[in-house]
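Structure at a glance
Single-letter residue listing:
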Amino acid sequence: MSGFFWKDMKRSFLNAGFFIGTAALTALLAAAVVTGAPLDRTRSSYHILYNVFGASGFSPFAAVFPILAYGSEFCEEYQSGYYRMIFSRIGPAGFGRIRIFNVALSGGMMLAVPIAASCVMAYVFGVPGVPRDTDAGLLDGTILLSYVTTYGDWYIMVGKTILGFLFGCVWALVGFMFAVWIPNRYVALIAPFVLYESMWIG
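Residues numbered from 1 in each chain as written. Predicted model: local features only at pLDDT ≥ 70, side-chain atom pairs only at ≥ 80, totals over all residues. Heavy atoms only, no water.

When its secondary structure is counted, the protein chain shows nine helices and zero strands. Ordered by position in the sequence, the α and β elements of the protein chain form the string α-α-α-α-α-α-α-α-α. If one aligns the C-alpha atoms of the protein chain with their principal axes, the spans along those axes are about 65 × 35 × 25 Å. Here the protein chain holds 202 residues, and 44% of them are scored as buried. (Helix = DSSP H or I, 4+ residues; strand = E, 2+ residues; numbered from the N terminus. Buried < 20%, exposed > 50% of the residue type's maximum accessible area, 1.4 Å probe, protein only.)

Written out as structure tokens, the structure reads:
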């Protein structure tokens, strides 16, 4: 079983969906950093981060990216019959445990890496710390202000990265759930998006 575990983990990262999704999301967030404010350290890092996560187009499609990593791969395995060979070797329960872990891990990393990169860019091209000058008061009334003053900027960066990782894990598993329920790649991609958007509307 350990051999299949490492092979499956390798497949969860070394596939076109993971690379395309990670590259597209990184480009989307990086473009928001570049276009959201001058890159001469005259604006607060948090002004840049607000643009990244609020005005980049990331939020409406955030649930789709993690599924591209590995969540819908079961559809291909089901249609080709490959899953029968796996079941005969390690059983459905063993396959389920391994696949759930690897789907969650790859989906989480697909969001964590671009989010961490955008945070680093915001702190490099912006002014870290409590917003001052033209951005004074930007964090007033938010919990972020107490985090920045108490723990520092690294706390926000690590927190956003961890939350992004967990968000990616959850929605990658939602996509995997739909893939197992209805083994169709389009359903596995579209159904979580519809569910995610309906939760926003609700």
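The discussion continues.
Of the residues in the protein chain, 98% reach a pLDDT of 70 or more, and the chain-wide mean stands at 90. Across the protein chain, the secondary-structure element scoring lowest on mean pLDDT is helix H5 (residues 73–80), at 86, and the one scoring highest is helix H8 (residues 153–181), at 95. (pLDDT = per-residue confidence, 0-100.)

What follows deals with the environment of Phe167. Relative to the elements of secondary structure, Phe167 occurs in helix H8. A C-alpha to C-alpha distance of 8.6 Å links Phe167 and Pro66, two positions 101 residues apart in sequence. Not counting residues up to four positions away in its chain, the partners in contact with Phe167 are Ala62, Ala63, Leu111 and Tyr196. (Contact = heavy atoms within 4.5 Å.)

As a further point, take the packing of helix H2 (residues 16–36) against helix H3 (residues 45–54). Packing of H2 against H3 brings their axes to within 8 Å, and their N-to-C directions diverge by 135°. Compared by their axis directions, H2 and H3 come out oblique. Read as a crossing pair, H2 and H3 show a hand that is right-handed. Here Leu29, Ala32, Val33 and Gly36 of H2 lie close against H3, whose contacting residues are His47, Ile48, Asn51 and Val52. Taken together, the residues that form the contact of H2 with H3 break down as five nonpolar, three polar and no charged. (Axes fitted to C-alpha atoms, helices over the stretch in contact; angles between N-to-C directions. Parallel < 35°, antiparallel > 145°, perpendicular 65-115°, else oblique. Left-handed = near helix turned anticlockwise from the far one by under 90°. Nonpolar A, V, L, I, M, F, W, Y, C, P; charged D, E, K, R; others polar.)

Topologically, Gly54 is positioned in helix H3. With a relative accessible area of 63%, Gly54 lands in the exposed category. Between the C-alpha atoms of Gly54 and Ala32, which are 22 residues apart in sequence, the distance is 9.5 Å.

Turning next to the environment of Tyr186. In this structure, Tyr186 sits in helix H9 (residues 185–201). For the pair Tyr186 and Ser72, spaced 114 residues apart in sequence, the C-alpha to C-alpha distance is 8.6 Å.

This part takes up unusual backbone geometry. Even without a glycine there, the phi angle at Arg41 is positive, about 60°. Tracing the backbone through its elements, the reader meets Arg41 in the loop between H2 and H3.

So, about the side chain of Ser45. Inspection of the secondary structure puts Ser45 in helix H3. Residues within four places of Ser45 in sequence aside, it is in contact with Ala122, Tyr123, Gly126, Val127 and Pro128.

On to the pattern of salt bridges, then. In total, this model carries six salt bridges according to the counting rule given. Salt-bridge contacts for Arg185 lead to Glu76; the nearest nitrogen and oxygen are separated by 3.1 Å. Pair noted here: Arg185 is in helix H9 and Glu76 is in helix H5, with a separation of 109 residues, a long-range link. For Arg185, a relative accessible area of 28% puts it in the partly exposed group. The partly exposed category is assigned to Glu76, whose relative accessible area is 35%. Here Arg99 ties to Glu77 by a salt bridge, and the two come within 2.9 Å at their closest N and O atoms. Of this pair, Arg99 sits in helix H6 (residues 82–125) while Glu77 is found in helix H5, placing the two residues 22 residues apart along the sequence. Relative accessible area serves as the criterion here: at 0%, Arg99 is assigned to the buried category. (Salt bridge = Lys/Arg side-chain N within 4 Å of Asp/Glu carboxyl O.)

Contact geometry for H8 and H9: axes closest at 8 Å, N-to-C directions at 125°. Comparing their axes, H9 and H8 come out oblique. H8 and H9 meet at a crossing whose hand is right-handed. Facing H8, whose interface residues are Phe167, Trp171, Val174, Gly175, Phe178 and Ala179, H9 presents Val187, Ala188, Ala191, Pro192, Leu195, Tyr196 and Met199.

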